[in-house]
Amino acid sequence: MERSQLIERLSAMRTTIRRRLIAHGLCVVLAGSVAVFLAAVTLDWLLWLPSPLRTAVSLCCVVTFVAAALRWVIRPAQARLGLDEIAARIESHFGTFQDRLTSTVDFLQRRDAGSE
């Protein structure tokens, strides 16, 4: 395998991992938002909340949604995911590599950085 193929495959894997993290986060936020919304509607229906209290509950729902979006979508989207980290994760899963993949990636990245 050529060095460019290895880097390309790891870069493609990084893109796939990032997309899956974001998709997972969106699903978590959507499921949580539906649960919080249904809880707020049920609470309002059962207790006949006055308008100021209904506004406070709605504001709490919005704050919960924003916090969940920050935690599960924005943070994973902005996370730096290096090729060496991906290589190390692959090595931890497949023990036969024994640190060779990470060493190769480090060597190729230093070699590319030195040629520029």
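Scroll up for the structure.
Here the residue numbering is sequential within each chain, running from 1 through the sequence in written order. Only residues with pLDDT of at least 70 are given local features in this predicted model, and only at 80 or more are side-chain atom pairs given and counted; all residues enter the totals for whole chains, interfaces and linings. Excluding hydrogens and water, the side-chain figures rest on all heavy atoms present in the structure.

### Structural notes on the nonpolar core
Spelled out, the test is: Buried Ala, Val, Leu, Ile, Met, Phe, Trp, Tyr and Cys residues that are joined via side-chain atoms within 4.5 Å together make up what is termed a nonpolar core. Each residue gets one of three labels from its accessible area relative to the maximum for its type: buried under 20%, exposed over 50%, partly exposed in between, using a 1.4 Å probe on protein chains only. Only DSSP runs of H or I covering at least 4 residues are called helices, and only runs of E covering at least 2 are called strands; the numbering of each starts at the N terminus. The contact rule is simple, with two residues in contact once any of their heavy atoms fall within 4.5 Å.
Among the nonpolar cores identified, the biggest contains ten residues, and these are Leu6, Ile7, Leu10, Leu83, Ile86, Ala87, Ile90, Leu101, Val105 and Leu108. If you list the elements that add at least two residues to this core, you get α1 (3-47), α3 (83-93) and α4 (100-115). For this core, the element with the most residues is α3, which contributes four residues. If sequence neighbours within four positions are ignored, Leu101 has contacts with Leu6, Ala87, Ile90 and Glu91.

### Let's talk about the side chain of Thr102
When you line up the elements, Thr102 lands in helix α4. Owing to a relative accessible area of 13%, Thr102 belongs among the buried residues under this scheme. When near neighbours in sequence (up to four residues on either side) are disregarded, Thr102 contacts Asp84, Ala87, Ala88 and Glu91.

### Notes on the pattern of salt bridges
Operational definition: For salt bridges, the criterion is a side-chain nitrogen of Lys or Arg within 4 Å of an Asp or Glu carboxyl oxygen.
Taken as a whole, this structure holds one salt bridge when the rule is applied. The residue Asp44 makes a salt bridge to Arg54 at a minimum N-O spacing of 3.2 Å. Taken together, the residues Asp44 in helix α1 and Arg54 in helix α2 (residues 51-78) connect sequence positions ten residues apart.

### Thoughts on α3
For clarity, the threshold we go by: What the arc measures is the spread of directions leading from the helix axis to the C-beta atoms.
Within α3 the residues assigned to the buried category are Leu83, Ile86, Ala87, Ile90 and Glu91. Summarising the axial view, the buried residues of α3 lie within an arc of 140°, below the 170-degree limit, and thus occupy one face. Among the exposed residues of α3, those oriented more than 90 degrees off its buried face are Arg89, Ser92 and His93.

### With respect to the state of the cysteines
Counted only if it meets this: Disulfides are defined in this document as cysteine sulfur pairs within 2.5 Å.
Taken as a whole and judged by the stated rule, the model has zero disulfides. Cys60 carries a free sulfur, and the closest cysteine sulfur to it, the one in Cys61, is 7.1 Å from it.

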